[in-house]
Every structure is written in structure tokens, then in C-alpha cells.
Amino acid sequence: MTELGSMSRPPAPIRTERLVLRASESRDRAAFIELNASPEVGTYIGGPRPRDELERALPEVPGRHPGFFVVELDGAMIGTIEFNRRDAEHRSQVRPNAGEADLGYLFLPEAWGCGYAAEACVAALGRFADALPGGPVVLCTRTANDRSMRLAAKLGFAEVQRFEEWGAEQWFGVWSSVTPSD
């Protein structure tokens, strides 16, 4: 797979009907801390991180890497979306040498249930498909995370496998911008 670095850095903003997906800025730091310290957000990703640890560890401008987007609503950060390269050593992959883009997203609890995650992910997947046509995107979530499971289905991810990891059943799916021919 072409490196995710071929996605523009900083990413050109993506505008949807209600949202802006953009590069992170220093003004987002407080929202990053809130997002990563939230017990609700941490439920399915290993728990919240201590706020004081985040205050010390987060750089002035967190999340500055290719494939990373802040999701903004009315001028304020409500979540993040990122594409990371899945390494070949990971147990779940769709190709023998891995290298797929792994989609991740986190949203503040007050943004849940409003369709923002779906709207933002559709836009980000569109940008990914333009930058790396035909490249598969994978997503892994705990099966107990009903919201994430529904979002994966809504986005068109197809189940590849389920497996046990981190003490819970995981769901692994794949999405491709290439439509199979009849």
C-alpha cells in the first residue's frame, strides 16, 4: 500500500453539511484532554487516561500526523478521525503482508447519537479513496460496542472475522472504494 503520508499533510479541510474535518490546532488541546479522559469514551478502548497525565504528555498541538483529522462543529472540536497503517505483525488483516489503512474515530459523548460520526467518516473515507484509490480500509471494534458496530455497518464495512483480544470479542471488517464488477 502507498504510505498514508501520501495523504496531504496538513490535510486540506473537508466540509460536510454540518462539519469541518481539518488538521489539529493548539486550540483543540483541551478537547483532546476531555476526549481521552472521558470514562464514556474510554469504555471500549481500555479505559480513560488520567487527566493529569494527559496534561503533561500531550503536545501543544496533538494529533499532527498524516491521515489525522479533527472533527469540528460550529467552531469547536467534537471528535477525531484517523487512518493509521496496520502493521504486518497484527493478527487481523485482509492481506498477507498487511499494510491496510486502519480507521479509528473518537467523539465526545455530547456528540453521540446525532449522526456526526457517520457524516465525518463518510467524508474521510471519500478523501482516502481519492488519495489512495482501491486501498482497503479496515476497522476493528469490540462487538459489545453497539454504536461502533452500527456505524461500521452503515459505512459499508464487511465482516472479515471475530476474535478474542484484550479480554473481549473483537469485530474486524474491511471497506473498499472499489466496487466489484458484475
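Data block above holds the structure.
All values reported here derive from a predicted model rather than from experimental measurement.

Basis of the calculations
- Residues numbered from 1 in each chain as written.
- Predicted model: local features only at pLDDT ≥ 70, side-chain atom pairs only at ≥ 80, totals over all residues.
- Heavy atoms only, no water.
- 1 Å grid on protein atoms, 1.4 Å probe; cavity = no way out; pocket = protein on both sides within 12 Å on 5 of 7 lines; lining within 4 Å.
- Points joined across faces, edges and corners; volume = space filled by probe spheres on them.
- Helix = DSSP H or I, 4+ residues; strand = E, 2+ residues; numbered from the N terminus.
- Nonpolar A, V, L, I, M, F, W, Y, C, P; charged D, E, K, R; others polar.
- Salt bridge = Lys/Arg side-chain N within 4 Å of Asp/Glu carboxyl O.
- Buried < 20%, exposed > 50% of the residue type's maximum accessible area, 1.4 Å probe, protein only.
- Phe/Tyr/Trp six-rings, centres within 6.5 Å; stacked < 30°, edge-to-face > 60°.

Visitor: Talk me through the layout of surface pockets; I want residue IDs and the actual numbers.
Guide: Approximately 1400 Å³ is the volume found for the largest pocket. The wall of the largest pocket is formed by 44 residues, among which Ile45, Tyr105, Leu106, Asn145 and Ser148 lie closest to the centre. Within the residue set of the lining of the largest pocket, elements represented by two or more residues are α1 (29-37), α2 (39-42), β4 (76-85), β5 (101-107), α4 (116-131), β6 (137-142) and α5 (146-155). When residues in the lining of the largest pocket are grouped by element, the largest group, six residues, is from β5. Its residues assigned to classes, the lining of the largest pocket shows 21 nonpolar, 15 polar and eight charged.

Visitor: Provide a residue-level description of the pattern of salt bridges, including the pertinent values.
Guide: The final tally for this structure, using the stated rule, is 11 salt bridges. Its salt-bridge partner being Arg27, residue Glu25 comes within 2.5 Å of it at the nearest N-O pair. The class for Glu25 is partly exposed, based on a relative accessible area of 33%. Taking the relative accessible area as the measure of exposure, Arg27 reaches 47% and is therefore partly exposed. The partner of Arg162 in a salt bridge is Glu159, and the shortest N-O contact between them spans 3.1 Å.

Visitor: Residues and numbers for the packing of aromatic side chains, please.
Guide: In the structure shown here, the tally under the stated rule is two aromatic pairs. Geometrically, the ring pair formed by Phe32 and Phe68 is stacked, given 5.9 Å between the ring centres and 20° between the ring planes. Taken together, the positions of Phe32 in helix α1 and Phe68 in strand β3 (residues 68-73) put the pair 36 residues apart, joining distant regions of the chain. For the pair formed by Phe32 and Phe68, the shared burial category is buried. Aromatic side chains Phe83 and Phe128 sit 5.1 Å apart centroid to centroid with 25° between the ring planes, which places their arrangement in the stacked category. Note that Phe83 is positioned in strand β4 and Phe128 in helix α4, a separation of 45 residues in sequence. When its relative accessible area of 0% is taken as the criterion, Phe128 is described as buried.

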